[in-house]
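# Structure at a glance
Next come the chains, spelled out residue by residue.
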Amino acid sequence: PGALVQELAEPGMRCNYGGQSCSALHALVGLVSIVGGISNKYFSVLGGNSQVAECSISRARPRIIRGLGRVLRKNRNTDTLYDPAFEVGYFVTPESGDSASSAAEASRGSGADTDRPEGLFMEAFHIVVVAHPLEHSSLKFEGCCETVQASSTSEFRRCTAHFLHGTLNLRYFAEAPIRQASPSELRRASGAYEDDPQLSMPLFAPAKIFTTADSTTPFYSIGLQVPVNVSSVDKADEIVASAEKGEPQVYKIFAPRPLPEEELDNWFN
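Let us look at the structure shown here.

### A look at the pairing of strand 1 (residues 67-74)
Bridge count for strand 1 against strand 2 (residues 86-92) is seven bridges, and the pairing is antiparallel. When the sheet's bridge partners are listed, R73 is paired in strand 2 with E87. Direction of pairing for strand 1 relative to strand 4 (residues 140-142): parallel, over a ladder of three bridges. Bridge pairing in strand 4 links V71 to K140.

Printed below as a string of structure tokens:
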């Protein structure tokens, strides 16, 4: 990725998705990270962002079927590119309602398939999205999707969350470039720092600290936490202003492992 992506998109991805970056995630994930991160004030919906999904479902007027999926296969009756490409076999659960059962019953009679188990409905779809951990699924694929079959050795990432009440140690962060500098860089920078160390100090404590993919820090992100029972924007602004002035507040630290107190003491007072 380019420098703009590395500096702006990837840090949000690492914070939201357990340290994963562009090498492991789709570009759409990066866009979601930007909308929910550095640009959240510019893409918010009055009344709550959840209305986007709620209104989309309402306008689409979907037919909801509650059932147990068992088979996903290529449609055997596809003649053109416009025909449904997949067939899904499922058992309807009782809470689906009469309308869902009737629709499924109608689809059952749409083709002769003597191989299906008793009570299994087969229905054709243009697009099928499987949003389920396949290692815990009884869904079988027939003639399609072989590359997404569940592996017995699925890998999971560990991301630990630490909640700490305190203030950011700004001096430690300000001196980090000097601690990591090469001898030649150190010689060039040490003169100005020794003359006035305060010049390198931030004017206020940031509410969020993100890291890039090539970072050597043992954490993914540090973020100020606003209590869930805060009922007004003014109250939240007071908490942010308090943290910026260096007053103790609650911070959340995401890291790939549990961090000992010795490390946390470096970044917080």
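The rest of the description comes next.
### Section: the environment of K245
Here K245 shows up in the loop between helix 7 (233-244) and strand 8 (249-255). By relative accessible area, K245 is classed as exposed at 61%. Along the chain, K245 and A205 lie 40 residues apart, while their C-alpha atoms are 6.6 Å from each other.

### Focus: helix 7
Helical periodicity: at 3.6 residues per turn, an α-helix aligns residues three or four positions apart in one direction. When the terminal C-alpha atoms of helix 7 are compared, their 16 Å separation across 12 residues agrees well with the 16 Å that a helix rising 1.5 Å per residue should span. Considered for burial, the residues of helix 7 that qualify are A236, I239, S242 and A243. Buried residues along helix 7 cover an arc of 120° about the axis, so they all sit on one side. Exposed positions of helix 7 whose direction lies more than 90 degrees from the buried face are V233 and D234. Looking at the buried residues of helix 7, the elements they touch are strand 7 (221-224) and strand 8. Once helix 7 finishes, G246 follows within two positions and takes phi at roughly 90°, a positive value.

### Describing the packing of aromatic side chains
With the rule as written, the count across this model stands at three aromatic pairs. Measuring from centroid to centroid gives 6.2 Å for Y90 and F121, while their planes differ by 45°, and the two rings are tilted. Residue Y90 is located in strand 2, and its partner F121 is located in strand 3 (residues 121-125); the two are separated by 31 residues in the primary sequence. As far as burial versus exposure is concerned, Y90 and F121 are alike and both buried. Relative to W267, the ring of F219 lies with its centre 4.8 Å away and its plane at 75°, an arrangement referred to as edge-to-face. Within this pair, whereas F219 is found in the loop between strand 6 (208-210) and strand 7, its partner W267 is found in helix 8 (residues 261-267), the two being separated by 48 residues in sequence. Across this residue pair, the class does not change: F219 and W267 are buried.

Cut-offs applied
In this convention, every chain numbers its residues from 1, walking through the sequence in written order. Given that the model is predicted, a residue must reach a pLDDT of at least 70 before its local features are reported, and side-chain atom pairs must reach 80 or more before they are shown or counted; all residues, however, enter totals for whole chains, interfaces and linings. Side-chain measures were taken over the full set of non-hydrogen atoms in the model, leaving aside hydrogen atoms and water. The pairing criterion is simple: DSSP has to find at least two bridges between the two strands. Strands here are runs of E lasting at least two residues and helices are runs of H or I lasting at least four, both read from the DSSP assignment and numbered beginning at the N terminus. Summary of the burial criterion: residues with accessible area below 20% of their type's maximum are buried, those above 50% are exposed, and those between are partly exposed, where the area comes from a 1.4 Å probe applied to protein chains only. In this scheme, a helix's expected span is set at 1.5 Å multiplied by one less than its residue total. Here, the arc refers to the directions that run from the helix axis to the C-beta atoms. We call two residues in contact whenever any of their non-hydrogen atoms come within 4.5 Å of each other. Ring geometry is summarised as follows: Phe, Tyr and Trp rings, the Trp one being its six-membered ring, pair when their centres sit within 6.5 Å, and such pairs are stacked at plane angles under 30 degrees, edge-to-face over 60 and tilted between the two.

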